[in-house]
Amino acid sequence: MTGFRSGSARRLCRLRELAPVRALVLTGFAAVCGPAPSGAQTATELQVTPETMTLGVGQRQTIFAAAYDRQGNLIQTAKFTFWSSDTLIAKVGPGGTVTGVSPGLAKVEARLQARRASLAVLITGSERGDSGRGAAPRGSVLALDPASVVLLPGESMVVTPQGLNEDGTPADIGAVSWKSLKPEIATVDSSGRVGAVAPGKSIVQAMTSKGLMATAPVEVAGAAVALSESRLVLSPEEADTLRVLVPSQGNRAVRGAVRWTSADSGIAAVDSAGVVTARRPGQTEIVAAGFGEESRAMVRVHPMPASLVVSPRQSPASLVIPVRGTRKFEAHAETADSAPIPEARIIWEIGDSAILARDAARGTIIARAPGTTTLSAHLKGFEPVVWNISVVPGLLSIDHSRVGVAPGDRVSLSARLVDDHGRAVVLTDPLNWASDKASVATVSPSGEVRAVGPGRATVTVTTAWGGKDTTVVFVMSDLVVASNRGGVPGIYQLFSSSPDSMVPILTDSAANIQAVPSPDRTRIALSSNRGGSYDLWVMDADGNNLLRLTTDSGTEGEPSWTPDGARIIYTASPKTGLPQIASIRADGTDSRALTALPGGNYSADVSPDGATVAFVSTRDGSARIYVTAINGSGQRRVTKGSDRESTPRFLPNGDLVFSTEKGGGSRLERLAAGAPRPVTVLVTDQPMLGLAVSRDGSRVAYTAGKLAQGGKGKTKIALTLHPLTGGSKPAPVTLRPGEQILSVSF
C-alpha cells in the first residue's frame, strides 16, 4: 500500500481525505492511503473547503479542513483551532461549525501549529429584533460599480456604491462604511478607493447605515504591461494619447501609478495622463515607467504639410461605381517644395458605410449597396476633400463563363452590366479585353476570341472603375479518342486534318477510356479505373479538375451528355447482375436508374432535343435498338430487323444511325424519324466496334476490327472518318504500329 501513496495516487488520496474535521480521526482513510508515519508530524500545508461561505443570520455550516506533512501525508490526528475575524458577524465553534450572527463579511481561519488556512464568510439577512427604523425600503439592494476589481500591485481605483429600489429607481443608502477582508492584499478607504498591496485575493464590503450591504471580489496580480501604440506619427502641434494596457487582462487600461517622460520634449512632450503633443519635426522616445517595468513608444514628428494632393481629382459630378465594384482613391501631403510626406496622417471618412466600405491596405473603396454617399480625406490644417459617390446596382458579366472552340474558330464574347437580379444596366465605360495565353487564344478589343492552339486560356474584361469578369477558353480538336499509344489507355485530342498528331489530355498510370466532350466542349466525361474499378469521371477539357461521379464496385462507362450539359446518361454494370442504363447529374448527385428489365441494357445516346434516349437491349434475347423517354418511361423497340444491332447514335436532325452485324462485317444503318425501315449508309468488312457522329452531322467516325479471343491472335482495330454527304471519300486515320483506338467521339 505504501507504493499507492506516491505520485498521482497520493493526490487521489488527498482528494478523498478532505472530510469534516470531526471525521478526520476515523481509520477508514488509513485503509486506503496507508498508515501515517510514526512519531510527531509537522504540518506544512492546511486546506479548508469551501473557499467562501454564504449564510443567513442564524444559519450554520461546518468547515472541512485537512493538514499534510512535508511528504504529502495526511495528518490524521490533527487538532485544529478556529478563529473568526469578527464574532459580531460570524462565530465559529471548536468543531469548525460557523454560525451567522449579523449581516456582514468576516474571515474564518483554521489553525494548526504555525499554519493557517482561511475562507471568506458572508452573512446575509436582517439582524434579529431589527425594528426597521431607518432601514432601506423592502426590496431595495446595494450594487457596486465595478462588480469586481482586478489590479496590479500599487494600482488603485474607486468602487462606487449605488442603491436601487425594487422598481429600479435610486434608493437612499445613507452613510457607507467600507471594509477589506484581507488588508494585506487590498485596502479600501472611506471613499471606496481600493488600493492593491500585494498579489492575492480579497473581498471588499460596503455597509450602509440603511442596512444594505454588498461585496466585490478583488484580485491583485502582477502582469506585464504594454503601451497602446509602439509608434506615433504626428504633425507639429498635433496631439495623441498613449495608454498603458494589461494584455493578459483583456487589454484594460492601467489606472494611475505611471510616470511619463519624453527623451526630447522639444520634439514631443508628454503629460501625466499620457497625452503626447508634437512640437517640431524630428524623432523622440516616450517612456512610461511603473509597476517595475518600462514601456517605450517612438514618436516621429513630420514636417508641416503645405498641400494635400488627391486622386482622382475632386469634382462636383458624382463618380459612378457599380455594386461590388472597387476604385482606388489616393491622398498624400507634400511640403512646399512638393516633396511627399508619407508619414502625414490622412483620415478617411465615408458618409454611409452601408453603401461604401474602404480597404485601407489597398487604398480602394468597395461599393456595397446602391445609393449616393460621400468619401472624404482629412488632413489637419486643410479643408477636407470630398467626393460624391453614386453606387449603381450593377455587376460586370461576360455572356459565357466557359467556351470550347476548335483551332482556327472564332467566337464573340460580350460583357454587360447587370443588377443582382440579372437585369441589364446601362454601361458607358470602355471595356478592356485581355488573354493570359496568346498561344492558345487571342482576344480583340471588341471581345472576339480566336482559337490558336490546344490548351486553356483565361480571357478577362475590365473597366477603369475596377469592374472585372473572366471567361475560360478551352481550345481542343474535333476528335477525342482513347488510345494505348502510351502503353496504358489514355485520352488524346486528334486533329482530323493531321491525324497522326495526337495531343495528350489525360495520360497517367490509370486506364482512361470512353471520353466524350460536353455539348459546350469545355468538359469531358470518361470512364477510368483510377479509383480501383471503372467509374464515371468528369474533367475540364484540358484534363484538369477531375471529379469522380460514381463509386460503385461494378463498372460505369459509355457516357452520353444531355444537350444542356446538366446530366450524363451512362451504363452501370454491377459485379453481379446485368448492365442497365442510368442517369446522374454532372456534379455527381441525383443518380437515377432508367432501365431495370432482364436481359441487360447498354450503349445509350441522348437525342438532340434531350427528350429521348436510344440504347441497346437484349431483353428479347438478341441485341436490339430501343428508345425511352429521358425519365425512363415508354420504352419500346424502334427497329424490325433480325440481325444483331449496336452503337445507336442520333444525328442533329433526330435521325438515328446504328450498326448491324452482317457476315463477318457490319452495316451502318440510318433510320429517319417515323420511317418504317432504315437505309444502309456504308458496309465494312470488319465488325464495327465504336461509332461517333460529328456535331454538324456531316460525317461519322468509327472503329472496326477484330479483338483477340482467348489470347489467340492479335487485336487489330482501324479508325475511319466517313462522310454522310457527297463529295468526300472515307479517310482512314493512320495509327502507329500496334496502336489501338479504344473509343472515339466528336
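Preceding this paragraph is the structure being described.
What you see is a predicted model, and the numbers here were worked out from it, not measured in a lab. (Residues numbered from 1 in each chain as written. Predicted model: local features only at pLDDT ≥ 70, side-chain atom pairs only at ≥ 80, totals over all residues. Heavy atoms only, no water.)

## Details of the sheet that holds strand E3 (residues 60–62)
As summarised here, the arrangement of the three strands in space is E3-E7-E6, forming an open sheet in which the pairing is antiparallel. Each end of this open sheet is capped by a strand with a single partner; those strands are E3 and strand E6 (90–92). Strand-to-strand twist across the sheet, computed as the mean angle between neighbouring axes with direction ignored, equals 20°. (Pairing = 2+ DSSP bridges. Helix = DSSP H or I, 4+ residues; strand = E, 2+ residues; numbered from the N terminus. Axes fitted to C-alpha atoms, helices over the stretch in contact; angles between N-to-C directions.)

## Section: the packing of aromatic side chains
Summed over the entire model, instances satisfying the criterion amount to four aromatic pairs. Each member of the aromatic cluster is reached from another via a ring pair, and the members are Phe 329, Trp 348 and Trp 387. Positioned above the aromatic ring of Trp 537 is the side chain of Arg 530, whose terminal nitrogen or guanidinium carbon lies 5.7 Å from the ring centre. Positioned above the aromatic ring of Tyr 626, the side-chain terminus of Arg 619 is 4.6 Å from the ring centre. (Phe/Tyr/Trp six-rings, centres within 6.5 Å; stacked < 30°, edge-to-face > 60°. Lys NZ or Arg CZ within 6 Å of the ring centre and 35° of its normal.)

## Digging into unusual backbone geometry
Trans peptide bonds make up the majority, and among non-glycine residues the majority have a negative phi. In this structure, the amide linkage connecting Asp 145 to the following residue, Pro 146, adopts the cis form with an omega of 0°. With respect to the secondary-structure elements, Pro 146 resides in the loop between strand E10 (141–145) and strand E11 (149–151). Residue Arg 324 is not a glycine yet carries a positive backbone phi of 75°. Structurally, the position occupied by Arg 324 is in the loop between strand E31 (319–322) and strand E32 (326–328).

## A word on the sheet that holds strand E26 (residues 268–270)
The strand order E22-E27-E26 describes an open sheet built from three strands, whose pairing is antiparallel. In this open sheet, the two strands that pair with only one neighbour each are strand E22 (239–241) and E26. Ignoring strand direction, the axes of neighbouring strands in this sheet form an average angle of 20°. As judged from the three bridges shared by E26 and strand E27 (residues 275–278), these two strands associate in the antiparallel manner. Considered in E27, the bridge of Val 270 is made with Val 276.

## Digging into empty space enclosed by the protein
Applying the stated criterion across every chain yields a total of two cavities of 30 Å³ or more. The volume enclosed by the second largest cavity comes to roughly 40 Å³. Together, Val 225, Val 244, Val 258, Ala 288, Ala 289, Gly 290, Glu 293 and Ser 295 line the second largest cavity. Contributing elements (two or more residues each) for the lining of the second largest cavity: strand E28 (282–290) and strand E29 (293–301). The element contributing the most residues to the lining of the second largest cavity is E28, with three residues. Classifying every residue of the lining of the second largest cavity gives five nonpolar, two polar and one charged. (1 Å grid on protein atoms, 1.4 Å probe; cavity = no way out; pocket = protein on both sides within 12 Å on 5 of 7 lines; lining within 4 Å. Points joined across faces, edges and corners; volume = space filled by probe spheres on them. Nonpolar A, V, L, I, M, F, W, Y, C, P; charged D, E, K, R; others polar.)

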